[in-house]
Amino acid sequence: MVSKYTVYRKNILKLIYQNENISRKNLHDLLNLRFATITHITRDLIKEGIIEESGKRKRKSKGRPHELLKIIPNSKYFIGCELTPEKIISVILNFKGEFIGQKTVNLDETDKKEEILIKIVNLLKNLIEESKIEKNKICGIGFVDPGIVDMQKGVSVFSSILPGWENVHIRDYLKQKLSINTLIIGSSQSKVLSEKFLGKGRKSKNIIFIEYGKGIACGIINDNKIIHGQGGVAGEFGHVKIPYKDEICNCGKRGCLESIISVPAILKKIKDVKGTELKMNEIIERYEKGDSEIKKFMDDVFNILVFSVSNLINILNPEIVIFDKNFLVFEKEFKNIFEKIKENMVYEYPVSFEISDFGEEIGAIGGACLVISNFLGLDI
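What comes next concerns the included structure. If you're wondering where the values come from, they're calculated on a predicted model, not measured in any experiment.

### Here we look at the pattern of salt bridges
Stage number 1. Taken as a whole, this structure holds 24 salt bridges when the rule is applied.
Stage number 2. The residue Lys-200 makes a salt bridge to Asp-357 at a minimum N-O spacing of 3.5 Å. Separated by 157 residues along the polypeptide, Lys-200 in the loop between α6 (187-198) and β11 (207-212) and Asp-357 in the loop between β15 (352-355) and α12 (362-376) bring together distant segments of the chain.
Stage number 3. Since its relative accessible area comes to 29%, Lys-200 is described here as partly exposed.
Stage number 4. Two residues, Asp-299 and Lys-295, come together in a salt bridge whose shortest N-O distance is 3.0 Å. In this pair, Asp-299 and Lys-295 both sit in helix α10 (residues 292-316), four residues apart, roughly one turn of the helix.
Stage number 5. Residues joined in a network through salt bridges with shared partners are Glu-82, Lys-191 and Glu-211.

In structure tokens, the structure reads:
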């Protein structure tokens, strides 16, 4: 059973994190705790080097000014590690979300599950060593998986874009090899968490992040909480079925969105149509120049994207929809796409559309943010 002290401590630390330069009086007003309790806990946090007094604020009435409290940025560190089909990306963040270290290693197509696990461990060991941080200040690792995960058991269940990566007890494995507490989260859920903590979703309570690349998925935050779903598999946007489409998906089913408009699906279809391999930028260049075969196919791709996103918005009613930076390949079509999405919404309310500022490190950042939220006791 969790003690009252632990609960009060997390609540106090959470408010100091969310409201930098906050007084004990403010904490008392917000939490309705006795001043003695607040004084005792903040004194402990100061002794532990997690918070510090940052100055004084004058009172409106007579009396001594209030001492202000703030988080010490480098008092704790949070590791994020994302596994993708091409590489493993890792970061270390401090309490302010500042980069302390970042390291990446490429995967070979021939890498088996056991080889990938060894690469993950070696990458994280090297990252920690090169960052020259005290290991006892590391609060945990947030592992970001490319497929379906069981967050409670810490298991990677299955990935449609990384062959052979299934039934991997990654949480227990990393904890055993590195002696660091590990949490697991799906890729799209980690990315929407990055936007909520450090990106374009910071001021929003209801967010959709649409992931795009080899796969397609969406991370959803509703009323400041990630929608995980039963077993943690919510957000499999890439596997919604598109009427009258019969393409085979990596998941084994037919007609999935991912099998039609993902990057590999587009490249394959264009190769079949044109008889030659083209890169995405070459396809878009030919589309813009009026290549009739490519235009016909890509117009269908854009219409399916519009149809799918507008349905998602009608169901979830977000304040903001953030598109993966990989969508920038379609940059010249954004205005038209966004306008068509609005036309297909059940009613036109002020939803905003944004392209993420994060690069390939977005998932790993979200893994670190998961550890921050767990340390603070945030209900996400």
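### Observations regarding the packing of aromatic side chains
Any two aromatic rings considered together are summarised by their centre-to-centre distance and by the angle between their planes.
Stage number 1. In this structure the tally under the stated criterion is 15 aromatic pairs.
Stage number 2. Ring plane angle 80° and centroid distance 5.6 Å describe the contact between Tyr-287 and Phe-302, whose orientation is recorded as edge-to-face. One end of the pair, Tyr-287, is in helix α9 (residues 280-288); the other, Phe-302, is in helix α10, and 15 residues separate them in sequence. As far as burial versus exposure is concerned, Tyr-287 and Phe-302 are alike and both buried.
Stage number 3. Ring centres of Phe-338 and Phe-353 lie 4.9 Å apart, and the angle between their planes is 10°; on these two criteria the pair is classed as stacked. Of this pair, Phe-338 sits in helix α11 (residues 334-344) while Phe-353 sits in strand β15, and the two are 15 residues apart along the sequence. Each member of the pair, Phe-338 together with Phe-353, is buried.
Stage number 4. Of the aromatic side chains, those joined through ring pairs into one cluster are Tyr-212, Tyr-287, Phe-302, Phe-323, Phe-327, Phe-330, Phe-334, Phe-338 and Phe-353.

### Quick notes on the packing of helix α1 (residues 4-18) against α12
Stage number 1. Between α1 and α12, the least distance of the axes is 8 Å, while the angle of their chain directions is 130°. Considering their axes alone, α1 and α12 lie oblique with respect to each other. Across the interface between the two elements, Lys-10, Leu-13, Lys-14 and Tyr-17 from α1 touch Ile-372, Asn-374, Phe-375 and Leu-376 from α12.
Stage number 2. Here the residues of the contact of α1 with α12 are counted per class, giving five nonpolar, one polar and two charged.

### Some remarks on the nonpolar core
Stage number 1. The biggest cluster of nonpolar side chains holds 43 residues, and the ones touching the most others in it are Ile-12, Ile-16, Leu-27 and Ile-51.
Stage number 2. With nine residues, α12 is the single largest residue contributor to this core.
Stage number 3. Ignoring sequence-local partners within four residues, the contact set of Ile-12 consists of Leu-27, Leu-31, Leu-33, Ile-38, Ile-41, Thr-42 and Leu-45.
Stage number 4. The next biggest cluster of nonpolar side chains, apart from the first, holds 42 residues, and it includes Ile-216, Phe-297, Met-298 and Ile-337.

### Comments concerning the sheet that holds strand β4 (residues 77-83)
Stage number 1. What the five strands build is an open sheet, ordered β6-β5-β4-β7-β10; its pairing is mixed. Both outer strands of the open sheet, β6 (99-106) and β10 (182-186), are each paired with one neighbouring strand and no more. Taking the axes of each pair of neighbouring strands and ignoring which way they run, one obtains an average angle of 15° across the sheet.
Stage number 2. The pairing of strand β7 (residues 138-145) with β10 spans five bridges and is parallel. When the bridges of β10 are listed, Ile-141 appears paired with Thr-182.
Stage number 3. Where α12 meets the sheet, its contacts fall on β4, β5 (87-94), β6, β7 and β10, and the angle it forms with β4 comes to roughly 140°.

### With respect to the pairing of β15
Stage number 1. Across the two faces of β15 the burial differs, with Phe-353 and Ile-355 buried and Ser-352 and Glu-354 not buried at all.
Stage number 2. Pairing between strand β14 (residues 320-323) and β15: four bridges, direction parallel. Residue pairing in the sheet places Val-321 in a bridge with Phe-353 of β15.
Stage number 3. Between β14 and its parallel partner β15, the chain crosses via α11, and the hand of that crossover is right-handed.

What counts as what
- Residues numbered from 1 in each chain as written.
- Predicted model: local features only at pLDDT ≥ 70, side-chain atom pairs only at ≥ 80, totals over all residues.
- Heavy atoms only, no water.
- Salt bridge = Lys/Arg side-chain N within 4 Å of Asp/Glu carboxyl O.
- Helix = DSSP H or I, 4+ residues; strand = E, 2+ residues; numbered from the N terminus.
- Buried < 20%, exposed > 50% of the residue type's maximum accessible area, 1.4 Å probe, protein only.
- Phe/Tyr/Trp six-rings, centres within 6.5 Å; stacked < 30°, edge-to-face > 60°.
- Axes fitted to C-alpha atoms, helices over the stretch in contact; angles between N-to-C directions.
- Parallel < 35°, antiparallel > 145°, perpendicular 65-115°, else oblique.
- Contact = heavy atoms within 4.5 Å.
- Nonpolar A, V, L, I, M, F, W, Y, C, P; charged D, E, K, R; others polar.
- Core = buried A, V, L, I, M, F, W, Y, C linked by side-chain atoms within 4.5 Å.
- Pairing = 2+ DSSP bridges.
- Right-handed = clockwise from strand over helix to strand, strands pointing away.

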